[in-house]
Amino acid sequence: GMVSNWTKIPPPLFKKVVIVLIDALRDDFVFGPKAKQFMPYTTQVVERGTSYSFIAEAKPPTVTMPRIKALMTGSIPGFIDVIVNLNSPALLDDNLIWQAKTAGKRIIFYGDDTWVKLFPKHFVEYDGTTSFFVSDFTEVDDNVTRHLDRVLKREDWDLLILHYLGLDHIGHMTGPNSPLVGPKLREMDNVLKKIHISLLSKEEASLPNLLVVCGDHGMSETGSHGGSSEGEVHTPLLFISSAFEKRIGPLTQPKLVQQTDLASTLAVGLGLPISRNSVGNLILPVVGGKTMREQLRFVHLNGFQLSRLLQENTPAYEKDPGYEHFKIAEKSHGNWIKLYLEGNNSEILLNLGKKVLKQYLEALKILSSSLSKQVAQYDMYSMMVGTVIIMEVLLLLLLSFPKALSSRAEFEVPLSPPLFSLLFYLMCLMLCAVHVIVCTSAESLCYFCSMSWLTAVGVMMLISALMCGILSAIAKIFENSRLPLKNPVVSSSRWSEINVLILAGTIGHVLSLGASSFIEEEHQTWYFLINTLCLALCQELCRNNFLLKEYDPQHGTTVKQNFDSIGEASECKNIDIPAGGNSKLGKASSSAEFIQGSDKWISLASPWIILICCRLLRSLNQTGVQWAHRPDFGHWLTSSEHKSELSFLAAVSLLMIFFLVRRRCSLVSKIAMALGLLGVYSYRAAIGNVVFPWQHDTKDISKGITEARFVYVFVLGIVFTGTKDLLKSQVISADSSVKSTGLWEVYSGLVLLAALLFRPHNLPVLVFCLLIQTMMTKYIWRPLKFDAAQITIMHYWFGQAFFYFQGNSNGIATVDVSAGFVGLESYVEIPAIFLTAFATYAGPLLWAIHLLCYLSSEVNRDSAAVGHGCFCYALMRSIPVAIYIVLVTGLRYHLFIWSVFSPKLLYEGVHVFITATICLFFTAMDQNHSHKVQD
């Protein structure tokens with residue numbers, strides 16, 4: 001009877017609803033000083049019109065697809081949606097669009113084609129535009145606006161959704177303070193004015209119309225989004241309708257609501273059921289003009305839906321404070337209804353109604369908060385299977401450590417005997433039995449259980465094989481430990497300070513991953529480690545140049561031999577030493593004469609020069625969370641009034657890149673590099689980042705597609721020349737100099753690509769990267785004769801530091817999406833993903849390829865150098881990833897799991913994929929060595 005009638009869907013409150021979603025609309029664009037200047041009509045409606053204004057808080061990840069899901073379902077999407085954002089599948093969850101279509105509402109959509117992918121066959125009319133081509137500021141919005149005049153005159157629709165992308169694209173390319181933002185906001189203001197006037201002119205006496213203005217997310221101070229800074233999560237939410245009372249009195253600060261609240265509010269406004277998984281609250285002012293009985297009915301509907309969702313997700317739901325509050329409010333509501341039906345219209349009834357409304361709102365708030373925390377349902381079985389495989393691989397790598405770093409550089413996984421052992425089959429049988437039990441008893445659908453049985457059995461066999469391999473490796477270690485040592489001298493070698501630092505640094509970094517603050521500010525860890533490494537190298541150089549010569553006569557020739565080896569190496573392989581250096585080394589007749597030379601002092605000064613370079617790079621880009629808002633040199637350079645300074649810096653940087661790279665390139669590659677770098681500057685001038693001395697700022701800004709493609713031709717040319725040399729060295733001749741030249745040319749091509757993709761203010765990062773590599777090769781690594789493992793770890797550390805020097809962080813917002821569209825006329829998925837990934841991980845990638853160049857040139861000194869480097873690089877990447885996955889699994893209910901830990905996990909996943917590619921390249925380059933070992 002009465003209770004069931006309460007949950008019956010009430011009639012709609014609005015006839016037509018128009019939702020205008022402006023991508024990346026920050027709250028200060030509508031409620032701040034920019035609004036008064038560029039959005040006068042919207043400001044007038046907010047301050048004196050029939051409207052309600054709110055600040056809607058979005059949950060991270062603040063990227064488009066998960067935010068559309070949150071707006072239309074009222075639920076909190078998972079972090080995997082950051083990846084799925086690139087190619088959105090159809091949305092299967094209960095949502096507002098599906099409910100509207102089921103109720104017979106006619107929906108029209110124009111704008112971002114993500115909607116068309118999420119809601120296929122839901123719109124009676126649509127026109128999608130691609131959201132990923134960020135160089136397009138105008139056409140992408142014109143394609144939406146051109147339909148407006150025609151649609152607003154028609155009566156054959158109930159819900160109109162418009163998603164404008166131009167503002168987001170401007171943010172990605174030029175930032176929130178760009179001069180392009182103002183005209184775009186003015187354009188949006190004119191669109192809102194046109195829609196509002198049209199809706200008012202068509203209103204009937206029965207039902208009013210509603211205009212909703214919102215953003216899916218905001219933008220950070222650099223114009224990106226994806227993270228959890230205030231600029232990214234705070235968006236304006238406006239409800240404009242003649243049904244509301246005109247605003248009077250002073251303007252107050254808009255109230256903060258959750259973005260998920262929109263789905264519940266619009267469902268009630270359109271007379272639809274609230275989405276099943278919605279955790280949002282009804283925004284009460286929107287229905288505030290209705291009678292007390294109707295308002296109570298609306299909040300009861302919302303509370304009933306939330307309590308039902310709580311019952312489905314929580315076994316002990318009756319003890320939940322929100323559920324208890326809701327039951328109390330429901331009881332009070334029943335008493336109010338009795339009084340109302342008795343015909344009591346006194347003030348007592350009104351006051352009691354207000355009290356019941358307050359109880360309901362309190363209950364809704366607690367229920368929503370409780371559900372938001374519980375909404376993350378983790379597929380523990382699949383997570384555990386993945387974690388076990390990762391830990392087994394790490395353990396196998398650690399057990400293979402002694403053999404992989406031996407003189408033969410063997411890395412063999414002892415799988416053949418275990419595969420035929422009884423233990424292997426018993427483990428497979430046991431794991432399959434566990435799989436059947438878990439999958440048949442699991443209440444919720446598990447990803448691993450949804451796989452085909454063939455795939456599942458394959459995974460079980462892999463786990464069993466890895467476990468048997470580990471046991472076999474442990475048995476071999478015990479067997480070898482019983483045998484007498486063939487070379488007892490080696491076992492007694494003591495650890496150097498560098499080795500202790502490397503071990504302590506690696507362990508310290510891994511342990512720091514358990515704290516959210518250390519993940520947010522991880523760049524500080526790497527800056528500290530490389531600074532400490534430079535000081536340790538300085539100590540090592542001083543000892544080598546002074547102490548060993550003075551106190552230990554038998555070491556007196558060490559420095560001479562070390563520096564002489566540079567001369568010999570550079571003569572036979574054309575490596576890293578200018579011609580002048582070779583002749584000078586050739587003339588050095590004795591150790592004393594050579595040590596007195598300038599090279600000794602440059603060698604001693606090099607760690608301090610590197611420290612100065614690192615300090616300058618830290619000032620270029622503020623990153624992390626705590627100090628990201630502070631002004632840095634990069635912000636100063638990118639401001640419009642300092643374009644001439646930025647142009648000068650970019651030109652000098654490109655010249656220095658040419659001089660640092662050209663030494664080991666062939667003549668053809670040198671010419672290609674020079675023209676390519678000229679093309680890079682031309683591209684940046686074409687898109688308006690820098691200017692030529694003879695050029696005025698009034699020049700029209702283009703997309704620079706021709707200039708960028710001109711550079712791509714030279715990048716491909718240089719890489720092709722290098723690849724040809726590498727194939728020649730692998731197939732025709734075993735000449736190490738051909739291979740060394742080929743590798744350097746591939747490296748040079750990648751440097752040119754990085755120069756094109758980096759923003760102009762970041763070009764000094766590339767210059768310092770090349771400068772530090774050159775100095776360390778010539779004055780530190782070769783004179784001190786470090787082994788391949790130590791050099792690999794140093795490359796890895798500097799690669800990690802340069803990842804942060806670029807301005808990257810562990811937040812999604814610092815990914816420079818615009819790099820993926822350099823030279824592209826439209827969105828092409830694979831090139832865009834490749835270019836974005838390369839631009840983001842350019843630091844680690846360039847250091848890894850330089851490591852391969854260096855180790856290949858060291859093969860004459862250590863034939864297993866490349867093999868050692870490959871193993872150490874894989875191990876250095878595997879240890880933090882494996883431990884981090886275990887930590888994240890344990891911290892899955894942490895307060896910052898979505899804002900801090902999940903984005904970091906995403907970065908780690910992509911980095912592992914890149915590392916695997918690098919290690920395959922290492923293995924291919926080490927093919928000759930592997931053949932020799934087999935022979």
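Note that the structure is predicted; figures quoted are calculated from it, not measured.

With that out of the way, let us pick up the overall build of the chain. Scanning the chain from terminus to terminus reveals 42 helices and 8 strands. Among the 935 residues that make up the chain, the fraction classed as buried is 55%. Pairs at least 24 apart in sequence give 77% of the contacts found in the chain among residues at least 6 apart. Surface exposure of the chain reaches about 41,300 Å², of which carbon and sulfur atoms provide 64%.

For the structure shown, the criterion picks out 24 salt bridges. Among the salt bridges present, the one from Asp127 reaches Arg146, with a minimum N-O distance of 2.8 Å. In this pair, Asp127 is assigned in strand β4 (residues 125-129) and Arg146 in the loop between α9 (139-145) and α10 (148-153), connecting sequence segments 19 residues apart. Taking relative accessible area as the criterion, Arg146 reaches 53% and is therefore assigned exposed. Among the ionic pairs, Lys194 bridges to Asp149, the shortest N-O distance being 3.2 Å. Separated by 45 residues along the polypeptide, Lys194 in helix α12 (residues 181-201) and Asp149 in helix α10 bring together distant segments of the chain. Residue class for Asp149 comes out partly exposed when judged on its relative accessible area of 43%.

Glancing now at the state of the cysteines. With the rule as written, the count across this model stands at 1 disulfide. Here Cys439 engages in a disulfide with Cys449; their sulfurs sit 2.0 Å apart. The disulfide joining Cys439 to Cys449 has a torsion of about -85° about its S-S bond and is therefore left-handed. Of this pair, Cys439 sits in helix α21 (residues 422-441) while Cys449 sits in the loop between α21 and α22 (453-482), placing them 10 residues apart in sequence. Looking at the unpaired Cys428, the closest cysteine sulfur is the one in Cys432, lying at 6.2 Å.

To continue, consider the environment of Val767. Positionally, Val767 belongs in helix α36 (residues 763-784). Between the C-alpha atoms of Val767 and Leu660, which are 107 residues apart in sequence, the distance is 8.1 Å. Not counting chain neighbours up to four residues away, the residues in contact with Val767 comprise Ser653, Met656, Ile657 and Leu660.

Quick look at the environment of Ala515 now. Here Ala515 shows up in the loop between α24 (497-512) and α25 (516-520). Take Ala515: its relative accessible area is 28%, and that puts it in the partly exposed class. Along the primary structure Ala515 and Leu891 are separated by 376 residues, whereas in three dimensions their C-alpha atoms are 9.9 Å apart.

Our focus in this paragraph is the pairing of strand β5 (residues 159-164). In terms of burial, β5 is a largely internal element, 6 of the 6 residues being buried. What you see with β5 is no split at all: Leu159, Ile161 and His163 on one side and Leu160, Leu162 and Tyr164 on the other are buried throughout. Two strands pair when backbone bridges link them, and strand β1 (residues 17-22) and β5 are joined in this way by 6 bridges, in the parallel orientation. Looking at the pairing, Ile22 lines up with Tyr164 of β5. Note that strand β3 (residues 107-112) and β5 share 5 bridges and pair parallel. The partner of Gly111 across the bridge, within β5, is His163.

Before going further, it helps to spend a moment on the sheet that holds β5. Strand-to-strand pairing in sheets goes through backbone hydrogen bonds, with the strands running parallel or antiparallel. What the 8 strands build is an open sheet, ordered β4-β3-β5-β1-β6-β7-β2-β8; its pairing is mixed. Only two strands of the sheet have a single partner each, and these edge strands are β4 and β8 (255-258). On average, each strand axis in the sheet is tilted by 20° relative to the strand beside it, whichever way the strands run. Along the sheet face, α12 touches β1, β5, β6 (210-214) and β7 (234-240) and points at about 165° away from the line of β6.

Interhelical geometry of helix α40 (residues 865-890) versus helix α41 (residues 897-925) gives an angle of 160° and a closest axis separation of 10 Å. In this view, α40 runs roughly antiparallel relative to α41, as classed from their interaxial angle. Judged by the sense of rotation from one axis to the other, the crossing of α40 with α41 is left-handed. Along the lines of polarity and charge, the residues of the contact of α40 with α41 split into 16 nonpolar, 4 polar and 3 charged.

Here we take up helix α37 (residues 788-805). End to end, α37 covers 25 Å across 18 residues, agreeing with the expected 26 Å (1.5 Å per residue, within 8%). Counted residue by residue, α37 has 18 buried out of 18 residues, so it is predominantly covered. Residue Gly807 follows α37 closely and has a positive phi angle near 105°.

With the rule as written, the count across this model stands at 30 aromatic pairs. Ring geometry for Phe109 versus Phe123: centroids 5.3 Å apart, planes at 25°, classification stacked. Of this pair, Phe109 sits in strand β3 while Phe123 sits in the loop between α8 (114-118) and β4, and the two are 14 residues apart along the sequence. Accessibility assignment for this pair places Phe109 and Phe123 in one class, buried. Here a set of aromatic residues connected by ring pairs shows up, and it is made of Trp526, Tyr796, Trp797, Tyr873 and Phe922.

Taken together, the side chains of Trp495, Val500, Leu503, Ile507 and Leu511 present a nonpolar region at the surface, about 530 Å² in accessible area. Of note, Leu511 is situated in helix α24.

Another aspect to go through is unusual backbone geometry. Positive phi, normally seen in glycine, also occurs at Ala24, with a value near 65°. Its place among the elements puts Ala24 in the loop between β1 and α2 (27-31). Since its relative accessible area comes to 0%, Ala24 is described here as buried. Backbone geometry at Lys121 places phi at a positive 65°, although glycine is not the residue there. Following the sequence through the fold, Lys121 ends up in the loop between α8 and β4. What makes Lys121 exposed here is its relative accessible area of 78%.

Ile657, Trp797 and Phe798 are the most contacted members of the largest nonpolar core, which has 113 residues in total. Setting aside anything within four residues of it in sequence, one finds Trp797 in contact with Leu501, Ile502, Gly505, Thr506, Trp526, Leu529, Ile530, Leu533 and Met876. Core analysis: the next-biggest nonpolar cluster, separate from the first, contains 65 residues, Ile161, Ala329, Val356 and Ala363 among them.

All right, on to the confidence of the model for the chain then. Fine structural detail should not be taken from predicted coordinates in areas where pLDDT scores are low. Predicted confidence across the chain gives a mean pLDDT of 84, with 86% of residues reaching 70 or more. Per-residue pLDDT, averaged within each element of the chain, yields its smallest value for helix α28 (residues 579-587) (36) and its largest for β1 (97). Between residues 487-493, whose pLDDT stays under 50, and residues either more than four places distant or in other chains, the model counts 1 contact.

Take the packing of helix α32 (residues 643-661) against α36 next. If you want to describe how two helices pack, look at the angle between their axes and the distance between the axes. Running from N to C, α32 and α36 cross one another at 25°; their axes reach a closest spacing of 9 Å. Taken together, α32 and α36 sit at an angle that is classed as roughly parallel. Note that α32 runs across α36; the crossing there is left-handed. Counted together, Leu649, Ala650, Ser653, Leu654, Met656, Ile657, Leu660 and Val661 of α32 and Leu763, Pro764, Leu766, Val767, Leu770, Leu771 and Thr774 of α36 form the full contact between these two elements. When the residues that make up the contact of α32 with α36 are grouped by side-chain class, the tally is 13 nonpolar, 2 polar and no charged.

Here is what the cut-offs are and how they apply
- Residues numbered from 1 in each chain as written.
- Predicted model: local features only at pLDDT ≥ 70, side-chain atom pairs only at ≥ 80, totals over all residues.
- Heavy atoms only, no water.
- Helix = DSSP H or I, 4+ residues; strand = E, 2+ residues; numbered from the N terminus.
- Buried < 20%, exposed > 50% of the residue type's maximum accessible area, 1.4 Å probe, protein only.
- Contact = heavy atoms within 4.5 Å.
- Areas by Shrake-Rupley, 256 points an atom, 1.4 Å probe, with all protein chains shown as cover.
- Salt bridge = Lys/Arg side-chain N within 4 Å of Asp/Glu carboxyl O.
- Disulfide = S-S within 2.5 Å.
- Pairing = 2+ DSSP bridges.
- Axes fitted to C-alpha atoms, helices over the stretch in contact; angles between N-to-C directions.
- Parallel < 35°, antiparallel > 145°, perpendicular 65-115°, else oblique.
- Left-handed = near helix turned anticlockwise from the far one by under 90°.
- Nonpolar A, V, L, I, M, F, W, Y, C, P; charged D, E, K, R; others polar.
- Expected span 1.5 Å × (residues − 1).
- Phe/Tyr/Trp six-rings, centres within 6.5 Å; stacked < 30°, edge-to-face > 60°.
- Patch = residues over 30% accessible without salt bridge, like charges linked within 9 Å, V, L, I, M, F, W, Y side chains within 5 Å.
- Core = buried A, V, L, I, M, F, W, Y, C linked by side-chain atoms within 4.5 Å.
- pLDDT = per-residue confidence, 0-100.

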